Amino acid sequence: DTAVSQTPKYLVTQMGNDKSIKCEQNLGHDTMYWYKQDSKKFLKIMFSYNNKELIINETVPNRFSPKSPDKAHLNLHINSLELGDSAVYFCASSPRGRGLNTEAFFGQGTRLTVV
Amino acid sequence: SQKIEQNSEALNIQEGKTATLTCNYTNYSPAYLQWYRQDPGRGPVFLLLIRENEKEKRKERLKVTFDTTLKQSLFHITASQPADSATYLCALPDSGAGSYQLTFGKGTKLSVIP
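Residues numbered from 1 in each chain as written. Chains lettered and ligands numbered in written order. Predicted model: local features only at pLDDT ≥ 70, side-chain atom pairs only at ≥ 80, totals over all residues. Heavy atoms only, no water.

Enquirer: Help me out: how do you make sense of unusual backbone geometry in this one?
Expert: Note: most peptide bonds trans; most residues except glycine with negative phi. The amide bond that connects A:Thr7 to the next residue, A:Pro8, takes the cis arrangement and shows omega of 0°. Along the chain, A:Pro8 falls in the loop between strand S1 (4–7) and strand S2 (10–13). For B:Glu60, which is not a glycine, the phi torsion comes out positive at approximately 55°. If you trace the backbone, B:Glu60 turns up in the loop between strand S6 (56–59) and strand S7 (62–67). B:Glu60 gets classed as exposed once you look at its relative accessible area, which sits at 80%. A positive phi angle is found at B:Lys71, which is not glycine, with a value near 55°. Tracing the backbone through its elements, the reader meets B:Lys71 in the loop between S7 and strand S8 (72–77). (Helix = DSSP H or I, 4+ residues; strand = E, 2+ residues; numbered from the N terminus. Buried < 20%, exposed > 50% of the residue type's maximum accessible area, 1.4 Å probe, protein only.)

Enquirer: Would you mind showing me how to read the pairing of strand S6 (residues 53–56) of chain A here?
Expert: Each regular strand displays side chains that alternate between the two surfaces of the sheet. Residues and elements named next belong to chain A. Two elements, strand S5 (residues 43–50) and S6, share four bridges in a ladder whose sense is antiparallel. By the bridge assignment for S6, Asn 50 is matched with Glu 53. If you look at the hairpin formed by S5 and S6, you'll find two residues sitting between the two strands, and Asn 51 has a positive phi there, around 50°. (Pairing = 2+ DSSP bridges.)

Enquirer: Whenever I open this one, the state of the cysteines confuses me. Can you help?
Expert: Where two cysteines share a covalent bond between their sulfur atoms, that bond is called a disulfide. Going through the model one piece at a time under the given rule, you end up with two disulfides over all chains. A:Cys23 shares a disulfide with A:Cys91; S-S distance 1.8 Å. Since a negative S-S torsion denotes a left-handed disulfide, the A:Cys23-A:Cys91 link at about -75° is left-handed. Linking A:Cys23 in strand S3 (residues 19–25) with A:Cys91 in strand S9 (residues 87–94), this pair joins segments that are 68 residues apart in sequence. Note on cysteine connectivity: B:Cys23 is disulfide-linked to B:Cys90, with sulfurs 2.0 Å apart. A torsion of 60° about the S-S bond marks the disulfide between B:Cys23 and B:Cys90 as right-handed. On the criterion of sequence distance, the pair formed by B:Cys23 in strand S3 (residues 19–25) and B:Cys90 in strand S9 (residues 86–93) is long-range, its members being 67 residues apart. Exposure remark for B:Cys23: the relative accessible area of 0% places this residue in the buried category. (Disulfide = S-S within 2.5 Å.)

Enquirer: Any chance you could explain the sheet that holds strand S7 (residues 64–67) of chain A here in plain terms?
Expert: In a beta sheet, neighbouring strands pair by backbone hydrogen bonds and run either parallel or antiparallel. Residues and elements named next belong to chain A. Spatially, four strands are ordered S1-S3-S8-S7 in an open sheet, and the strand pairing comes out antiparallel. Pairing within the sheet leaves two strands with one partner each, and these edge strands are S1 and S7. Each neighbouring strand pair of the sheet contributes to a mean axis angle of 20°, computed without reference to strand direction. When S7 meets strand S8 (residues 75–78), the two strands line up antiparallel, connected through four bridges. Bridging from a neighbouring strand, Lys 67 pairs with Asn 75 of S8. (Axes fitted to C-alpha atoms, helices over the stretch in contact; angles between N-to-C directions.)

Enquirer: Teacher, can you tell me more about the nonpolar core here?
Expert: Where a protein is soluble and globular, its nonpolar side chains tend to be buried together. Counting 22 residues, the largest nonpolar core has B:Cys23, B:Leu33, B:Trp35, B:Phe75, B:Ile77, B:Tyr88 and B:Leu110 as the members making the most contacts within it. Of all the secondary structure elements, the ones that give two or more residues to this core are S3, strand S4 (32–38), strand S5 (45–51), S7, S8, S9 and strand S11 (108–113) of chain B. Counting 20 residues, the second largest nonpolar core, distinct from the first, contains A:Leu11, A:Ile21, A:Ala87 and A:Cys91. (Core = buried A, V, L, I, M, F, W, Y, C linked by side-chain atoms within 4.5 Å.)

Enquirer: When you look at the packing of aromatic side chains in this model, what are you seeing that I'm missing?
Expert: What characterises a pair of aromatic rings is the spacing of the ring centres plus the angle enclosed by the ring planes. All told, the structure shown has twelve aromatic pairs over all chains when counted by the stated rule. For the ring pair A:Tyr33 and A:Tyr35, a centre distance of 6.2 Å and an interplane angle of 45° mean the geometry is tilted. Both residues of the pair, A:Tyr33 and A:Tyr35, belong to the buried class. Between A:Phe106 and B:Tyr36, the aromatic rings sit 6.0 Å apart at their centres with planes inclined by 85°, giving edge-to-face as the arrangement. Placement of A:Phe106 in strand S10 (residues 105–106) and of B:Tyr36 in strand S4 is noted, with the two residues assigned to different chains. Overall, A:Phe106 belongs to the buried group, its relative accessible area being 12%. (Phe/Tyr/Trp six-rings, centres within 6.5 Å; stacked < 30°, edge-to-face > 60°.)

Enquirer: Explain the layout of surface pockets to me, please; I cannot follow it from the model alone.
Expert: Once rolled over the atoms, a probe with the size of a water molecule shows which space is left empty. Approximately 760 Å³ is the volume attributed to the largest pocket. A:Gln37, A:Asp38, A:Ser39, A:Lys41 and B:Gln38 are the residues nearest the centre of the largest pocket, which is lined by 34 residues in total. Of the residues belonging to the lining of the largest pocket, the class tally is eight nonpolar, 15 polar and eleven charged. (1 Å grid on protein atoms, 1.4 Å probe; cavity = no way out; pocket = protein on both sides within 12 Å on 5 of 7 lines; lining within 4 Å. Points joined across faces, edges and corners; volume = space filled by probe spheres on them. Nonpolar A, V, L, I, M, F, W, Y, C, P; charged D, E, K, R; others polar.)

Enquirer: Help me understand the pairing of S1(A) in this model?
Expert: Residue and element names in this part refer to chain A. Side-chain alternation along S1 places Val 4 and Gln 6 on a buried face and Ser 5 and Thr 7 on a face that remains uncovered. Alignment of S1 against S3, held across four bridges, turns out to be antiparallel. Of the residues in S3, the one forming a bridge with Ser 5 is Glu 24.

Distances and angles like these do not, on their own, reveal function.
Okay, structure coming up:
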(Lines give C-alpha, C1' and ligand atoms only; values in the text may rest on other atoms or scores of the structure.)
Protein backbone atom coordinates (compact mmCIF):
# COMPACT_ATOMS: atom_id res chain seq x y z
CA ASP A 1 0.00 0.00 0.00
CA THR A 2 3.00 2.28 -0.65
CA ALA A 3 1.85 5.78 -1.59
CA VAL A 4 4.74 6.88 -3.82
CA SER A 5 7.09 4.17 -4.98
CA GLN A 6 10.30 4.45 -6.97
CA THR A 7 12.41 1.79 -8.59
CA PRO A 8 15.20 0.98 -8.36
CA LYS A 9 16.30 2.04 -4.89
CA TYR A 10 19.97 1.84 -5.90
CA LEU A 11 21.46 2.32 -9.36
CA VAL A 12 25.15 2.07 -10.20
CA THR A 13 26.14 2.73 -13.78
CA GLN A 14 29.00 3.86 -15.95
CA MET A 15 29.51 7.29 -17.46
CA GLY A 16 27.86 7.72 -20.81
CA ASN A 17 25.06 5.24 -20.18
CA ASP A 18 21.34 6.00 -20.43
CA LYS A 19 19.14 5.04 -17.49
CA SER A 20 15.59 5.40 -16.24
CA ILE A 21 14.02 5.66 -12.81
CA LYS A 22 10.37 4.74 -12.45
CA CYS A 23 7.86 6.40 -10.16
CA GLU A 24 4.28 5.50 -9.41
CA GLN A 25 1.77 7.04 -7.00
CA ASN A 26 -1.47 5.40 -5.91
CA LEU A 27 -2.88 8.47 -4.15
CA GLY A 28 -4.85 9.83 -7.10
CA HIS A 29 -2.79 13.02 -7.03
CA ASP A 30 -2.81 15.52 -9.87
CA THR A 31 0.79 16.70 -9.67
CA MET A 32 4.07 14.80 -9.64
CA TYR A 33 7.64 15.99 -9.19
CA TRP A 34 11.25 14.97 -9.40
CA TYR A 35 13.76 16.34 -6.89
CA LYS A 36 17.53 15.89 -6.69
CA GLN A 37 19.34 15.73 -3.35
CA ASP A 38 23.07 16.20 -3.67
CA SER A 39 25.90 15.12 -1.37
CA LYS A 40 25.33 18.21 0.79
CA LYS A 41 21.73 17.07 1.31
CA PHE A 42 20.29 20.05 -0.55
CA LEU A 43 16.90 19.09 -2.04
CA LYS A 44 16.30 20.83 -5.35
CA ILE A 45 13.27 20.71 -7.67
CA MET A 46 13.94 19.40 -11.16
CA PHE A 47 10.49 19.01 -12.73
CA SER A 48 6.85 19.29 -11.89
CA TYR A 49 4.09 17.78 -14.02
CA ASN A 50 0.41 18.63 -13.70
CA ASN A 51 -2.29 17.70 -16.19
CA LYS A 52 0.18 17.43 -19.05
CA GLU A 53 1.84 20.72 -18.13
CA LEU A 54 5.55 20.28 -17.55
CA ILE A 55 7.57 22.86 -15.65
CA ILE A 56 11.32 22.45 -15.92
CA ASN A 57 13.82 24.01 -13.56
CA GLU A 58 16.13 26.05 -15.80
CA THR A 59 19.26 24.55 -14.24
CA VAL A 60 18.38 20.98 -15.26
CA PRO A 61 20.43 19.73 -18.25
CA ASN A 62 18.39 18.59 -21.23
CA ARG A 63 19.89 15.12 -20.77
CA PHE A 64 17.17 14.70 -18.16
CA SER A 65 13.63 14.17 -19.38
CA PRO A 66 10.48 13.15 -17.50
CA LYS A 67 7.92 10.92 -19.17
CA SER A 68 4.36 10.50 -17.94
CA PRO A 69 2.46 7.60 -19.54
CA ASP A 70 -0.52 8.35 -17.30
CA LYS A 71 -1.51 10.42 -14.28
CA ALA A 72 -0.13 7.88 -11.80
CA HIS A 73 3.37 7.64 -13.29
CA LEU A 74 6.25 10.04 -13.87
CA ASN A 75 9.44 8.34 -14.96
CA LEU A 76 12.82 10.04 -15.20
CA HIS A 77 15.09 9.33 -18.15
CA ILE A 78 18.72 10.36 -18.09
CA ASN A 79 20.93 10.25 -21.17
CA SER A 80 24.73 10.26 -21.33
CA LEU A 81 25.22 10.03 -17.59
CA GLU A 82 27.99 12.11 -16.02
CA LEU A 83 29.84 11.79 -12.71
CA GLY A 84 28.08 14.91 -11.42
CA ASP A 85 24.71 13.23 -11.82
CA SER A 86 25.48 11.06 -8.79
CA ALA A 87 22.88 11.96 -6.16
CA VAL A 88 19.65 10.75 -4.58
CA TYR A 89 16.61 11.37 -6.76
CA PHE A 90 13.20 11.68 -5.15
CA CYS A 91 9.84 11.41 -6.80
CA ALA A 92 6.94 13.17 -5.10
CA SER A 93 3.28 13.89 -5.66
CA SER A 94 0.72 16.34 -4.34
CA PRO A 95 -3.06 16.33 -4.50
CA ARG A 96 -3.76 19.68 -6.08
CA GLY A 97 -2.60 21.93 -8.82
CA ARG A 98 -1.49 25.51 -9.11
CA GLY A 99 -2.49 28.05 -6.50
CA LEU A 100 -3.68 25.77 -3.71
CA ASN A 101 -2.01 24.85 -0.45
CA THR A 102 -0.80 21.32 -0.53
CA GLU A 103 1.80 19.03 0.93
CA ALA A 104 4.07 16.75 -1.05
CA PHE A 105 4.36 13.01 -0.55
CA PHE A 106 7.81 11.63 -1.31
CA GLY A 107 9.08 8.26 -2.46
CA GLN A 108 11.96 6.54 -0.68
CA GLY A 109 14.51 7.85 -3.16
CA THR A 110 16.85 6.33 -5.76
CA ARG A 111 20.54 6.57 -5.02
CA LEU A 112 22.29 6.96 -8.38
CA THR A 113 26.03 6.41 -8.52
CA VAL A 114 27.86 7.11 -11.77
CA VAL A 115 31.32 5.55 -12.03
CA SER B 1 12.87 32.36 -6.83
CA GLN B 2 12.72 32.17 -3.06
CA LYS B 3 15.89 32.06 -0.97
CA ILE B 4 15.53 30.10 2.28
CA GLU B 5 17.91 29.94 5.22
CA GLN B 6 17.63 27.53 8.11
CA ASN B 7 19.51 28.79 11.13
CA SER B 8 21.98 26.01 11.62
CA GLU B 9 23.06 22.82 9.98
CA ALA B 10 23.01 20.94 13.25
CA LEU B 11 21.36 21.36 16.62
CA ASN B 12 21.99 19.21 19.71
CA ILE B 13 19.51 19.25 22.54
CA GLN B 14 18.94 17.36 25.77
CA GLU B 15 15.99 15.00 25.98
CA GLY B 16 12.94 16.66 27.50
CA LYS B 17 13.91 20.17 26.42
CA THR B 18 12.21 22.20 23.69
CA ALA B 19 13.96 22.29 20.34
CA THR B 20 13.53 25.46 18.29
CA LEU B 21 14.46 25.56 14.62
CA THR B 22 14.41 28.68 12.47
CA CYS B 23 13.53 29.22 8.83
CA ASN B 24 14.08 32.62 7.20
CA TYR B 25 13.16 33.61 3.67
CA THR B 26 14.30 36.68 1.80
CA ASN B 27 12.05 37.39 -1.16
CA TYR B 28 8.29 37.60 -1.55
CA SER B 29 5.95 36.53 1.24
CA PRO B 30 4.53 33.10 0.48
CA ALA B 31 0.90 32.10 0.83
CA TYR B 32 1.98 29.24 3.10
CA LEU B 33 5.01 27.49 4.55
CA GLN B 34 5.57 23.81 5.26
CA TRP B 35 7.82 21.76 7.52
CA TYR B 36 9.10 18.28 6.72
CA ARG B 37 11.09 15.63 8.54
CA GLN B 38 13.72 13.53 6.79
CA ASP B 39 15.37 10.46 8.28
CA PRO B 40 18.61 9.01 6.83
CA GLY B 41 17.98 7.03 3.66
CA ARG B 42 14.33 8.09 3.47
CA GLY B 43 12.29 10.70 1.67
CA PRO B 44 10.98 13.80 3.45
CA VAL B 45 7.72 13.39 5.35
CA PHE B 46 5.24 16.24 5.67
CA LEU B 47 4.63 17.51 9.22
CA LEU B 48 2.79 20.83 9.22
CA LEU B 49 1.53 23.57 6.93
CA ILE B 50 0.88 27.12 8.11
CA ARG B 51 -0.83 29.79 6.02
CA GLU B 52 0.13 33.46 5.82
CA ASN B 53 -2.93 34.52 7.82
CA GLU B 54 -2.14 32.08 10.64
CA LYS B 55 0.21 33.06 13.44
CA GLU B 56 0.57 29.63 14.98
CA LYS B 57 -0.23 25.97 14.27
CA ARG B 58 0.03 23.00 16.61
CA LYS B 59 0.10 19.25 16.19
CA GLU B 60 0.75 17.14 19.27
CA ARG B 61 4.24 18.18 20.51
CA LEU B 62 4.92 20.30 17.43
CA LYS B 63 4.29 24.01 17.09
CA VAL B 64 4.96 26.26 14.11
CA THR B 65 4.81 30.05 14.01
CA PHE B 66 4.81 32.28 10.95
CA ASP B 67 5.83 35.94 11.10
CA THR B 68 5.44 37.56 7.68
CA THR B 69 6.92 40.85 8.96
CA LEU B 70 10.14 39.17 10.04
CA LYS B 71 9.93 36.72 7.10
CA GLN B 72 10.49 33.91 9.54
CA SER B 73 8.99 30.66 10.73
CA LEU B 74 9.89 28.94 13.99
CA PHE B 75 9.44 25.20 14.48
CA HIS B 76 9.25 23.94 18.07
CA ILE B 77 9.34 20.39 19.40
CA THR B 78 8.38 20.30 23.06
CA ALA B 79 9.44 17.52 25.45
CA SER B 80 11.91 16.32 22.83
CA GLN B 81 12.74 12.61 22.60
CA PRO B 82 15.64 10.74 20.97
CA ALA B 83 13.15 9.54 18.34
CA ASP B 84 12.77 13.17 17.22
CA SER B 85 16.37 13.09 15.95
CA ALA B 86 16.22 13.77 12.22
CA THR B 87 16.74 16.52 9.67
CA TYR B 88 13.95 19.08 9.52
CA LEU B 89 13.30 21.01 6.33
CA CYS B 90 11.18 24.06 5.72
CA ALA B 91 9.62 24.55 2.30
CA LEU B 92 7.89 27.41 0.53
CA PRO B 93 6.08 27.65 -2.80
CA ASP B 94 8.24 28.91 -5.61
CA SER B 95 6.09 31.56 -7.22
CA GLY B 96 8.48 31.87 -10.11
CA ALA B 97 7.50 28.48 -11.44
CA GLY B 98 3.99 28.01 -10.11
CA SER B 99 2.86 28.14 -6.53
CA TYR B 100 2.48 24.38 -6.12
CA GLN B 101 6.19 23.80 -6.68
CA LEU B 102 8.16 23.84 -3.43
CA THR B 103 11.60 25.25 -2.69
CA PHE B 104 13.30 23.60 0.29
CA GLY B 105 15.78 24.94 2.79
CA LYS B 106 18.97 22.98 3.41
CA GLY B 107 17.60 21.60 6.64
CA THR B 108 18.65 21.46 10.28
CA LYS B 109 19.88 18.15 11.65
CA LEU B 110 18.46 17.76 15.13
CA SER B 111 20.05 15.36 17.60
CA VAL B 112 18.21 14.72 20.87
CA ILE B 113 20.60 13.39 23.47
CA PRO B 114 19.25 11.00 26.13
